[in-house]
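# What the coordinates show
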Amino acid sequence: MSAFNEERVLSVHHWTDRLFTFTTTRDSSLRFSNGHFTMIGLRVNNKPLLRAYSIVSANYEEHLEFLSIKVPEGPLTSRLQHIQVGDSIIVGRKPTGTLLIDYLLPGRRLYLLGTGTGLAPFMSIVRDPSTYEKFEQVVLVHGVRQVDELAYHDLLIDHLPTHEFLGEMVASQLRYYPTVTREPYRNMGRITELIQTGKLFEDLQMPALDAANDRVMICGSPAMLRDLKHMLEARGFNEGNTTTPGDFVIERAFAEQ
Ligand code: A2P
């Protein structure tokens, strides 16, 4: 059996000239956990050209959704950005990754810290009822350069809290904190600074990070992962992985493609 399924593009939405989203059909045999990534791509000169993408859609949804940047010289995204409804996409049959609530020890609060396309795995995690069963509070922090890069802002603010099945849990347990670094916005600054200065916790009216109660997932650029990992380790948090659960888990946002 092939390692890939051939899917069809169902919709494409361009957030900015650097960022877009698309949905595809989903083979009924594809299984994944919320937070997983898989290889996806296009056939170029009859050969598959693939990159890792976190799955934005929740694992109970009938379609698949992905969030991508557009890199003008990127082998895949320079082509992928032109996909249209009806086009074919190759999707790996073996999703995997470390950003699973199963790889975190029990705790009271879950912090999901993402920059840029690092938001993608968290969109599936905040739509998973198990997330709200395992944690009393879930804080989703999304850091971007410009306001128009706050993908899914309206879904998180307007639609999820009134969602037929998830609405009640989202409204009472999820806090969304979007922050922008390169133009004026209601919340400004890098996630690292917001944690270091305590501004994030002041704004949310929550206690400062503490390894006894808080669990953290991080997804972003290599520099962002490095900085946040150091900050957490300095506060006594231990990193978890697919074999040993911990206080935090990290995954690189699969961007520069
Ligand atoms: P900044 O504008 O100060 O570089 P990118 O689009 O480059 O992935 O960046 C997404 C967001 O991540 C931007 O707001 C950027 O801030 C921020 N960022 C970049 N590097 C780090 C880092 N080491 N720690 C925290 N945030 C970072």
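Fair warning: this is a prediction, and the values are worked out from it, not measured in the lab. Residue numbers here run from 1 along each chain, matching the order of that chain's written sequence. Only residues with pLDDT of 70 or above have their local features reported here, since the model is predicted, and side-chain atom pairs are shown and tallied only from 80 upward, although totals for entire chains, interfaces and linings are computed over all residues. Only hydrogens and water are set aside when side-chain values are computed; all heavy atoms of the structure are taken into account.

### Observations regarding the overall build of the chain
Inclusion rule: Strands here are runs of E lasting at least two residues and helices are runs of H or I lasting at least four, both read from the DSSP assignment and numbered beginning at the N terminus. Only C-alpha atoms enter the radius of gyration; for comparison, a globular chain is expected to reach 2.2 Å times N to the power 0.38, where N is the number of residues. Here's how the labels work: a residue is buried when its accessible area is under 20% of the maximum for its type, exposed when over 50%, partly exposed in between, all with a 1.4 Å probe on protein chains only. In what follows, a contact means two residues having at least one pair of non-hydrogen atoms within 4.5 Å.
Assigned secondary structure in the chain consists of 8 helices and 11 strands. Rg of the C-alpha trace for the chain: 18 Å, near the compact-globule value of 18 Å for 257 residues, within the 12% margin. With the C-alpha coordinates of the chain rotated into their principal frame, the extents come out at 55 × 40 × 35 Å. Looking at the chain residue by residue over its 257 residues, the buried ones come to 55%. Taking contacts inside the chain between residues at least 6 apart in sequence as the whole, the part at least 24 apart equals 72%.

### What to know about the domain arrangement of the chain
Quoted interface sizes are often the accessible area lost when the parts come together. This is how it is decided: What counts as a domain boundary in this text is fixed by an automatic or database domain assignment. By convention, the term buried area covers the 1.4 Å-probe accessible surface removed from two parts as they join, with the contributions of both added. We define a salt bridge as a side-chain nitrogen of Lys or Arg found within 4 Å of a carboxyl oxygen belonging to Asp or Glu. Nitrogen and oxygen atoms within 3.5 Å of one another constitute a polar contact, given that in protein one can donate a hydrogen and the other can accept it, and given that sequence-neighbouring residues count only through two side-chain atoms.
Considered domain by domain, the chain is made up of domain 1 (4-92) and domain 2 (101-252). Placing the centre of domain 1 and that of domain 2 at their C-alpha centroids yields a distance of 24 Å. Taken residue by residue, the interface counts 19 residues in domain 1 and 16 residues in domain 2. Here domain 1 packs against domain 2, burying approximately 1,600 Å² in sum over the two surfaces, 56% of which is carbon and sulfur. Residue arginine 18 is joined to glutamate 149 by a salt bridge in which the shortest nitrogen-to-oxygen separation is 2.7 Å. Counting the contacts that link domain 1 with domain 2 gives 9 residue pairs in polar contact (both at pLDDT 80 or more). When residues of the side of domain 1 that touches domain 2 are traced back to their parent elements, those giving at least two are strand 2 (19-24) and strand 5 (64-69).

### A word on the side chain of lysine 70
Using the following cut-off: All tallies of charge rest on Lys and Arg as positive and Asp and Glu as negative; His and the ends of each chain are not included.
Structurally, lysine 70 is set in the loop between strand 5 and helix 1 (77-80). Buried within the structure, lysine 70 lacks any salt-bridge partner; its nearest side chain of opposite charge belongs to aspartate 17, at an N-O separation of 6.6 Å. A distance of 2.7 Å separates the side chain of lysine 70 from the side chain of histidine 14, its partner in a polar contact. Discounting chain neighbours no more than four positions away, the residues touching lysine 70 are His14, Thr16, Asp17, Arg18, Leu19, Phe20, Thr77 and Gln81.

### Quick notes on the environment of proline 72
Looking at the secondary structure, you find proline 72 in the loop between strand 5 and helix 1. When its relative accessible area of 65% is taken as the criterion, proline 72 is described as exposed. Separated by 54 residues in sequence, proline 72 and arginine 18 have C-alpha atoms that sit 9.2 Å apart.

### Digging into the packing of aromatic side chains
Stated formally: Ring geometry is summarised as follows: Phe, Tyr and Trp rings, the Trp one being its six-membered ring, pair when their centres sit within 6.5 Å, and such pairs are stacked at plane angles under 30 degrees, edge-to-face over 60 and tilted between the two.
Counting across every chain of the model gives 5 aromatic pairs. With centroids separated by 5.6 Å and ring planes inclined at 35°, the aromatic side chains of phenylalanine 22 and phenylalanine 66 adopt a geometry described as tilted. Of this pair, phenylalanine 22 sits in strand 2 while phenylalanine 66 sits in strand 5, and the two are 44 residues apart along the sequence. In this structure, phenylalanine 22 and phenylalanine 66 share a single accessibility class: buried. Arranged with centres 6.3 Å apart and planes meeting at 80°, the rings of tyrosine 53 and phenylalanine 66 form a pair that is edge-to-face. Note that tyrosine 53 is positioned in strand 4 (residues 47-54) and phenylalanine 66 in strand 5, a separation of 13 residues in sequence. There is no split in this pair, since tyrosine 53 and phenylalanine 66 are both buried. An aromatic cluster is defined as three or more aromatic residues linked by ring pairs; in this entry it consists of Phe20, Phe22, Tyr53 and Phe66.

### Section: empty space enclosed by the protein
Heads up, the rule is: The rule is simple: put a 1 Å grid over the protein atoms alone, call a set of points where a 1.4 Å probe fits but cannot get out a cavity, call an open set with protein on both sides within 12 Å along at least five of seven lines a pocket, and count a residue as lining if it has an atom within 4 Å of a point. Grid points are joined across faces, edges and corners, and a volume is the space filled by probe spheres set on the points.
Inspection of the entire model under this criterion finds 1 cavity of 30 Å³ or more. Reported here for the largest cavity is a volume of approximately 60 Å³. Around the largest cavity sit Tyr53, Ser54, Leu67, Thr117, Gly118, Ala120, Pro121, Cys219, Ala253 and Phe254, which together line it. Among the secondary structure elements, those contributing two or more residues to the lining of the largest cavity are strand 4 and helix 2 (120-125).

### Considering the layout of surface pockets
The condition is simple: Three classes are used, and their members are as follows: Ala, Val, Leu, Ile, Met, Phe, Trp, Tyr, Cys and Pro are nonpolar, Asp, Glu, Lys and Arg are charged, and the others, Gly among them, are polar.
Estimated volume of the largest pocket: approximately 790 Å³. Taken together, 28 residues form the lining of the largest pocket, with Thr115, Gly116, Gly143, Arg145 and Ser221 sitting closest to its centre. Sorting elements by how many residues they give to the lining of the largest pocket places helix 8 (residues 222-234) first, with 3 residues. Of the residues belonging to the lining of the largest pocket, the class tally is 9 nonpolar, 11 polar and 8 charged. Looking at the lining of the largest pocket, you find at least three residues from each of domain 1 (4-92) and domain 2 (101-252).

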